[in-house]
Amino acid sequence: QTPDPQLQFDLKVADEQRIEPKDWMPEPYRRTLIRQISQHAHSEIVGMLPEGNWITRAPSLRRKAVLLAKVQDEAGHGLYLYSAAETLGASREQMIADLHSGKAKYSSIFNYPTLSWADMGAIGWLVDGAAIMNQVPLCRTSYGPYARAMVRICKEESFHQRQGYEIMMTLANGLKEQKDMAQDALNRWWWPVLMMFGPKDDESPNTAQSMQWKIKRFTNDELRQKFVDATVPQAEYLGLTIPDPDLKWNEARGHYDFGAINWDEFWEVVKGNGPCNRQRLEARQKAHAEGEWVREAALVYAKKREMRDER
Ligand code: ACO
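Here is a short report on the structure shown in this document. Remember, it's a predicted structure, so these values are computed and weren't measured experimentally.

1. Re the site of the ligand
Thinking step 1. What surrounds the ligand is a group of 31 residues, the closest being Gln-39, Lys-105, Ser-108, Ser-204 and Lys-216.
Thinking step 2. Within the contact set of the ligand, an oxygen atom lies 2.9 Å away from a side-chain nitrogen or oxygen of Asn-134.
Thinking step 3. A distance of 2.9 Å separates an oxygen atom of the ligand from a polar side-chain atom of Asn-206.
Thinking step 4. Considered on its own, the ligand offers 950 Å² of accessible surface; in the complex 90% of this is hidden by protein.
Thinking step 5. Of all the secondary-structure elements, those providing two or more residues to the shell around the ligand are helix 2 (27–46), helix 6 (118–135), helix 7 (144–172) and helix 11 (263–273).

Printed below as a string of structure tokens:
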């Protein structure tokens, strides 16, 4: 008697075993993974742009070298994740075409501008801090190639977070002008960072099913709360103020309460109407067009090698 593939799949997921590319999986599970992993890959690639903006203006050689390394890591994460999505049958050309046409989503956070050097600190501290909060649990996601990619990615994200916090520490302990810059960056990034975790659970169409499949290990609201709880003491240590008058420790809940998120702003940014959406897509389209000769040359070279090997 042949085993029921759905039952096998359910048992594996329940038993915390990983689903591998050649295993049977329900089509909606495959589609959800392609959606999430490709969006994640796009976020890493578009995420290079706001910081790339500051590489030539880093205040010292050391800062420049660290920022360059970080942005290169993000390119690596994107490529890793595209490969993970390819194991599910997605084509890289199609994923990239969907990004460039505006069809595919990527994280809302990368549609905000980077106005001062302090933004490099705030992005590392807060954006990468939020990314780690979301991605460490994904090391236990049910799809093997995604879980394994996350292990290395999280190690690198942890370095990114520290380099950002170190920039914030330097600014917060510097001249008044430097501390003001750090506070201004925190003011501008705080709320968009809370939006990174996605809509509230009761407005998140994908969470319940993704939790059942163990693709997601925590809900959007759970991760957002964990992030706020971890970050408030870090802001206090810096002597900076989180721009939320409703932020307050709630003894009974054992968590911080925080103010209302502007969900209209979030959906506008997701729909393509954020401050930098158009600029980000144009930069990606331009880079892709300018790289065409490299792709062509690499293909011709691969063909030549193949012919040589056949002889
Ligand atoms: N920016 C843009 N779109 C978002 C965001 C966001 N911050 N949050 C949610 N969305 C989109 C979802 O992609 C989904 O769109 P779709 O159904 O059309 O594909 C829709 O809003 C509804 O959201 P959810 O039902 O909550 O979607 P999901 O279960 O996929 O949860 C989340 C969203 C938390 C981002 C999840 O996909 C995830 O954990 N992804 C992996 C991490 C990741 O992509 N991080 C990227 C930023 S970090 C970095 O790159 C450094």
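2. Side note on the layout of surface pockets
Where empty space is left becomes clear once a probe the size of a water molecule has been rolled over the atoms.
Thinking step 1. What the largest pocket holds in volume is close to 1000 Å³.
Thinking step 2. Along its surface, the largest pocket is lined by 44 residues, and Gln-39, Asn-134, Met-196, Phe-197 and Gly-198 are the ones closest to its centre.
Thinking step 3. Those elements giving two or more residues to the lining of the largest pocket turn out to be helix 2, helix 4 (61–86), helix 6, helix 7, helix 9 (207–212), helix 10 (220–238) and helix 11.
Thinking step 4. Of all the elements, helix 6 adds the most residues to the lining of the largest pocket, at seven residues.
Thinking step 5. Of the residues that constitute the lining of the largest pocket, the class distribution is 19 nonpolar, 15 polar and 10 charged.
Thinking step 6. In this structure, the second largest pocket spans a volume of roughly 350 Å³.
Thinking step 7. Forming the boundary of the second largest pocket are 13 residues, of which Arg-92, Ile-96, Arg-284, His-288 and Arg-295 lie nearest the centre.
Thinking step 8. When contributions to the lining of the second largest pocket are tallied by element, the ones reaching two or more residues are helix 4, helix 5 (92–101) and helix 12 (277–290).
Thinking step 9. When residues in the lining of the second largest pocket are grouped by element, the largest group, six residues, is from helix 5.
Thinking step 10. Of the residues belonging to the lining of the second largest pocket, the class tally is seven nonpolar, two polar and four charged.

3. Focus: unusual backbone geometry
For residues besides glycine, phi is generally negative; the peptide bonds are generally trans as well.
Thinking step 1. The phi torsion at Glu-16 lies on the positive side, around 65 degrees, for a residue other than glycine.
Thinking step 2. Note that Glu-16 resides in the loop between helix 1 (5–14) and helix 2.
Thinking step 3. Positioned with a positive phi, Lys-214 is a non-glycine residue whose angle comes to about 60 degrees.
Thinking step 4. Residue placement: Lys-214 occurs in the loop between helix 9 and helix 10.
Thinking step 5. Residue classification places Lys-214 among the buried residues on the basis of a relative accessible area of 18%.

4. Description of the nonpolar core
Thinking step 1. Grouped together as the largest cluster of nonpolar side chains are 73 residues, with contacts concentrated most on Tyr-29, Ile-37, Leu-126, Tyr-143 and Trp-189.
Thinking step 2. By residue number, the principal contributor to this core is helix 7, which donates nine residues.
Thinking step 3. Residues within four places of Ile-37 in sequence aside, it is in contact with Leu-81, Ala-84, Ala-85, Leu-88, Tyr-143 and Tyr-146.

5. Thoughts on the packing of aromatic side chains
What characterises a pair of aromatic rings is the spacing of the ring centres plus the angle enclosed by the ring planes.
Thinking step 1. Tallied over the entire structure, the rule returns 11 aromatic pairs.
Thinking step 2. Feature note: the residues Phe-9, Trp-24, Tyr-29 and Trp-213 constitute an aromatic cluster, connected by ring pairs.
Thinking step 3. In this structure, Lys-226 packs its charged tip against the face of Phe-218, placed 4.6 Å from the ring centre.

6. Side note on helix 5
Thinking step 1. If you check which residues of helix 5 are buried, you get Met-95, Ile-96, Asp-98, Leu-99 and His-100.
Thinking step 2. Buried residues belonging to helix 5 abut helix 2, helix 4 and helix 12.
Thinking step 3. At the exit of helix 5 stands Gly-102, carrying a positive phi of roughly 90 degrees.

7. Digging into the pattern of salt bridges
Note on pairing: side chains with opposite charge can pair once their charged atoms come close.
Thinking step 1. Within the structure shown, the criterion is met by 20 salt bridges.
Thinking step 2. For Glu-16, the salt bridge is made with Lys-214, and the minimal N-O distance between the two is 3.0 Å. Of the two residues, Glu-16 is situated in the loop between helix 1 and helix 2 and Lys-214 in the loop between helix 9 and helix 10; the sequence distance between them amounts to 198 residues.
Thinking step 3. The exposure class of Glu-16 is partly exposed, given its relative accessible area of 37%.
Thinking step 4. For Arg-30, the salt bridge goes to Glu-27, with nearest N and O atoms at 3.1 Å. With a gap of three residues between them, Arg-30 and Glu-27 both fall in helix 2, about one helical turn apart.
Thinking step 5. For Glu-27, a relative accessible area of 41% gives the class partly exposed.

8. Structural notes on the environment of Pro-5
Thinking step 1. With respect to the secondary-structure elements, Pro-5 resides in helix 1.
Thinking step 2. Look at Pro-5 and you get partly exposed, because its relative accessible area is 35%.
Thinking step 3. For Pro-5 and Trp-24, which are 19 residues apart along the polypeptide, the C-alpha to C-alpha distance reads 6.4 Å.

9. Overview of the packing of helix 6 against helix 7
Thinking step 1. Helix 7 packs onto helix 6 with a crossing angle of 145 degrees between their chain directions and a minimal axis gap of 7 Å. Crossing angle aside, the handedness with which helix 6 passes helix 7 is left-handed.
Thinking step 2. Taken together, the residues of the contact of helix 6 with helix 7 break down into 13 nonpolar, nine polar and two charged.

Thresholds, definitions, all that
- Residues numbered from 1 in each chain as written.
- Predicted model: local features only at pLDDT ≥ 70, side-chain atom pairs only at ≥ 80, totals over all residues.
- Heavy atoms only, no water.
- Near = heavy atom within 4 Å.
- Polar contact = N/O pair within 3.5 Å; in protein donor to acceptor, adjacent residues only side chain to side chain.
- Areas by Shrake-Rupley, 256 points an atom, 1.4 Å probe, with all protein chains shown as cover.
- Helix = DSSP H or I, 4+ residues; strand = E, 2+ residues; numbered from the N terminus.
- 1 Å grid on protein atoms, 1.4 Å probe; cavity = no way out; pocket = protein on both sides within 12 Å on 5 of 7 lines; lining within 4 Å.
- Points joined across faces, edges and corners; volume = space filled by probe spheres on them.
- Nonpolar A, V, L, I, M, F, W, Y, C, P; charged D, E, K, R; others polar.
- Buried < 20%, exposed > 50% of the residue type's maximum accessible area, 1.4 Å probe, protein only.
- Core = buried A, V, L, I, M, F, W, Y, C linked by side-chain atoms within 4.5 Å.
- Contact = heavy atoms within 4.5 Å.
- Phe/Tyr/Trp six-rings, centres within 6.5 Å; stacked < 30°, edge-to-face > 60°.
- Lys NZ or Arg CZ within 6 Å of the ring centre and 35° of its normal.
- Salt bridge = Lys/Arg side-chain N within 4 Å of Asp/Glu carboxyl O.
- Axes fitted to C-alpha atoms, helices over the stretch in contact; angles between N-to-C directions.
- Left-handed = near helix turned anticlockwise from the far one by under 90°.

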